[in-house]
Amino acid sequence: MMNYAESLIYLRDLTKFGVNFGLGRVEELLRRIGDPHKTMEYIHVGGTNGKGSISSMLSSMLTVNGDRPGLFTSPHLHSYRERFRIAGETISHQDVAICLNEIKPHIESMIEDGFEQPTEFEVNAVLAFYYFAKCGVKNAVLEVGMGGEIDATNVIQNTKIAILSNIALEHTEYLGETKEKICLTKSGIIKKGAHVLSGVTEPDLRDLLRRRAKEEGALDVGFTGSDFQTEFVCSDADGQYFDYRDDEAEYKELYLPLQGLHQVENAALAIRAARLWGLGENVIREGLKKTFWPCRLEKVSEDPLTIIDGAHNDHGMGVLTSYLKEHYSDCEITVLIGMLADKEREKAVALLGPLVDQVVVTRPNSPRAGDFEMIASFFRPYCHRVYLEEKIPAAVDLAKRLAHESAKNGKKPLLLITGSLYMVADARGYLLGIESE
C-alpha cells in the first residue's frame, strides 16, 4: 500500500510517458473502476488563458450556493493536492493515497491486457472523477488540460455548460499552427444539450464556434461583449469593482479580489455560466468576493513591491504588460523570469522587454525547461542588466537585492516575478515560507 509520499512519487514518475493524446486509455480505466464520471454534471472550461480563474470563480459561486462542487485544475502551485477540491477544500493526504491504491491495480491490469500506460494527466483526471464520485459530488467544474477534443477531461458527456475563454497560438505542435485549427480542437468540448459561452472576439472564430455548436446539438452560443458584458468601475489595492449586464439581468458594483481588466472579462463568462446554472445575484456576488486564485497579478510584498503573475505565453504576457503600463509606468521594474522551452518565449520577451530595467533569468523546475538561458539573449536588445541564476531561491534573493538597489535612482521599485507557473510557484513558496509537497 502506497502512502501519500509514495503516491506522489508514483504520479510524478508518470511524467516520463509525456503527452499522449487520445481518450481510449482514460475511457478504459474509467470503465474498469465503474465509470464514476457518469454520475455527475459538468461545467467544462477550456480556452487559452483564464481557464483557472474562471473555474475558481465558478467553484466559489457553486460552493456559496451549497452545491459542494468538485473542482479539477492543473498545474498546482505548492501541493499536488490543490488539483482536486470539493467545495474549496483540497483533497486530504490520506484520500490521495487511498484513491490511488484503489486505482493502481486497474492500471496494472490494463497494461497486462495490452493497453498503453496512461499518462500522468490521464491518471490525475481519473483520480478526480473517482474521488468526486466517492464523496457524493453531483456537479463539477473541470479545467481542460491541453486542447479540448482529445484532452483526458473530454471523456465526459453530461456537460451542461462548455466555456472557451479565448484562443491564442499555443502548443502549435499539438493543436495546430493557426488560431482556426486551435479553436476547432478546443471546441471539441462542446456537447449535445450544452450551453456554449466564449470570450473570443474574432468573427471567423465566432462563426466556427456557432457551426460546431449547431453540429453537436448545443442549446445556444453566447459571446462576451455582445450577448453579455462587463464594465470596469474602479479598483482598490486588493481587487476591482465592475458591472455586469445581459438581456435579463444587470448587477451593479460586483467585487472581485483579482487584479487586471482581463479578470473582469473572465468574470463575465463565469457570471453568465452561473446564471445559466440557475444561481441568483446574491450567490454570484458572494461567490465572486470569496474567489482566491494566486499567482495572477498577486501582490505578495510591499518591501519591495512584489507582484507575481504566471504569464506563461505571449498572450498572457500581453495582458500583463498592458496592466504594467496602466498601473506601474512610474516604477523601475526588476523582473525575475523563467519559461518552459515549449513556449513562445521570444514573443513574450518582445512584449515585456521594453518595460523593464533589469532582469534575472532562472530555470523552471521542470524537465521541459530546456535551454532556459536563451531567454537572457532575448532580453539583451532591450535591457543591459541581464543576470543568470539557475537556482530559484538564489534568483529570488538576487532579484530582491537588485530591486532594493534600484530605489536609489529615485523611482519606486517594482519586482515582477513571471513566467512558467512551475517557476513562479517555487518563487512564491520561497518568498512566503510555504513548503512545497
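### Describing the nonpolar core
(1) Moving on: Membership of the largest hydrophobic core comes to 40 residues, with the highest contact counts inside it found for Phe72, Phe84, Leu100, Leu127, Phe129, Tyr131 and Phe132.
(2) Moving on: Counting residues per element, the ones that place at least two in this core are α1 (4-13), α2 (24-32), β3 (84-86), α4 (93-112), α5 (120-134) and β5 (139-143).
(3) Moving on: Looking at this core, the element that brings in the most residues is α5, giving 10 residues.
(4) Moving on: What Leu100 contacts, discounting residues up to four positions off in sequence, is Met2, Ser7, Tyr10, Leu11, Val123 and Leu127.
(5) Moving on: By size, the runner-up hydrophobic cluster in this structure holds 33 residues, among which are Ile43, Leu254, Leu256 and Trp293.

### Quick look at the sheet that holds strand β13 (residues 305-309)
(1) Moving on: The strand order across the open sheet built from 6 strands is β12-β13-β17-β14-β15-β16, with neighbouring strands paired in mixed fashion. In the strand order of this sheet, the two ends are held by β12 (298-302) and β16 (385-388), each with one partner. Mean inter-strand twist for the sheet, computed between neighbouring axes without regard to direction, equals 20°.

### Topic: the sheet that holds strand β1 (residues 41-46)
(1) Moving on: Spatially, 8 strands are ordered β4-β3-β2-β5-β1-β6-β7-β8 in an open sheet, and the strand pairing comes out mixed. Each edge of the sheet is formed by a strand with only one pairing partner; in this case those strands are β4 (89-90) and β8 (220-223).
(2) Moving on: Summarising the sheet, β1 and strand β6 (residues 159-164) pair through 5 bridges and their orientation is parallel. The residue bridging His44 from the neighbouring strand is Ala162, located in β6.

### Here we look at the packing of aromatic side chains
(1) Moving on: Applying the stated rule across the entire model yields 7 aromatic pairs.
(2) Moving on: Here the aromatic rings of Phe72 and Phe84 are separated by 5.8 Å at their centres, their planes lie at 25°, and the arrangement is stacked. You can see Phe72 sitting in strand β2 (residues 70-72) and its partner Phe84 sitting in strand β3, a full 12 residues away along the chain.
(3) Moving on: Grouped by ring-pair contacts, the aromatic residues Phe72, Phe84 and Phe121 constitute a single cluster.

### Some remarks on the pairing of strand β7 (residues 195-198)
(1) Moving on: Covered by surrounding structure in β7 are His195 and Leu197 together with Val196 and Ser198, the residues of both alternating faces.
(2) Moving on: Two strands pair when backbone bridges link them, and β7 and β8 are joined in this way by 4 bridges, in the parallel orientation. When the bridges of β8 are listed, Leu197 appears paired with Gly222.

### A few points about the packing of helix α3 (residues 51-64) against helix α10 (residues 281-289)
(1) Moving on: In the contact formed by α3 and α10, the axes pass within 8 Å of each other and the chain directions differ by 125°. It follows that α3 is oblique to α10 by the angle criterion. When you trace α3 past α10, the crossing you get is right-handed. Residues Met57, Ser60, Met61 and Val64 of α3 form the contact with α10, whose own contacting residues are Val283, Ile284, Glu286, Gly287 and Leu288.
(2) Moving on: A per-class count over the contact of α3 with α10 returns 6 nonpolar, 2 polar and 1 charged.

### Quick look at helix α9 (residues 261-277)
(1) Moving on: Between its first and last C-alpha, α9 extends 25 Å over 17 residues, near the 24 Å set by a 1.5 Å rise per residue.
(2) Moving on: Most of α9 sits out of view: 12 of its 17 residues are buried.
(3) Moving on: Every buried residue of α9 is accounted for by His262, Gln263, Val264, Asn266, Ala267, Ala268, Leu269, Ala270, Ile271, Arg272, Ala273 and Ala274.
(4) Moving on: The positive-phi residue at the C-terminal boundary of α9 is Gly278, with phi of around 105°.

Quick notes on the rules
Positions within a chain are numbered from 1, following the residues in the order the chain's sequence is written. Under the rules for a predicted model, residues below a pLDDT of 70 receive no local features and side-chain atom pairs below 80 are neither given nor counted, while totals for whole chains, interfaces and linings still include all residues. To get the side-chain values, take all heavy atoms of the structure and skip hydrogens and water. Buried residues of nine kinds, namely Ala, Val, Leu, Ile, Met, Phe, Trp, Tyr and Cys, make up a nonpolar core once their side-chain atoms join them within 4.5 Å. When accessible area is computed with a 1.4 Å probe and restricted to protein chains, residues below 20% of their type maximum are described as buried, those above 50% as exposed, and intermediate ones as partly exposed. Every helix listed is a DSSP run of H or I at least four residues long, and every strand listed is a run of E at least two residues long, numbered separately from the N terminus. Residue contacts are defined here by distance: any two heavy atoms, one from each residue, within 4.5 Å place the two residues in contact. Here, any two strands with at least 2 DSSP bridges between them count as paired. Between the N-to-C directions of two axes lies an angle of 0 to 180 degrees, each axis being a line fitted to C-alpha atoms and, for a helix, fitted only over the stretch in contact. Stacked, edge-to-face and tilted are the three classes for Phe, Tyr and Trp ring pairs, Trp counted by its six-membered ring, which pair at centre distances within 6.5 Å; planes under 30 degrees apart are stacked, over 60 edge-to-face, the rest tilted. Roughly parallel means an angle under 35 degrees; roughly antiparallel means over 145; roughly perpendicular covers 65 to 115; every other angle is labelled oblique. Two helices cross in a left-handed way if the nearer one is turned anticlockwise from the farther one by less than a right angle. They cross in a right-handed way if the turn is clockwise. We call Asp, Glu, Lys and Arg charged. Ala, Val, Leu, Ile, Met, Phe, Trp, Tyr, Cys and Pro are nonpolar, and the rest, Gly among them, are polar. What a helix is expected to span follows from its residue count: subtract one and scale by 1.5 Å.

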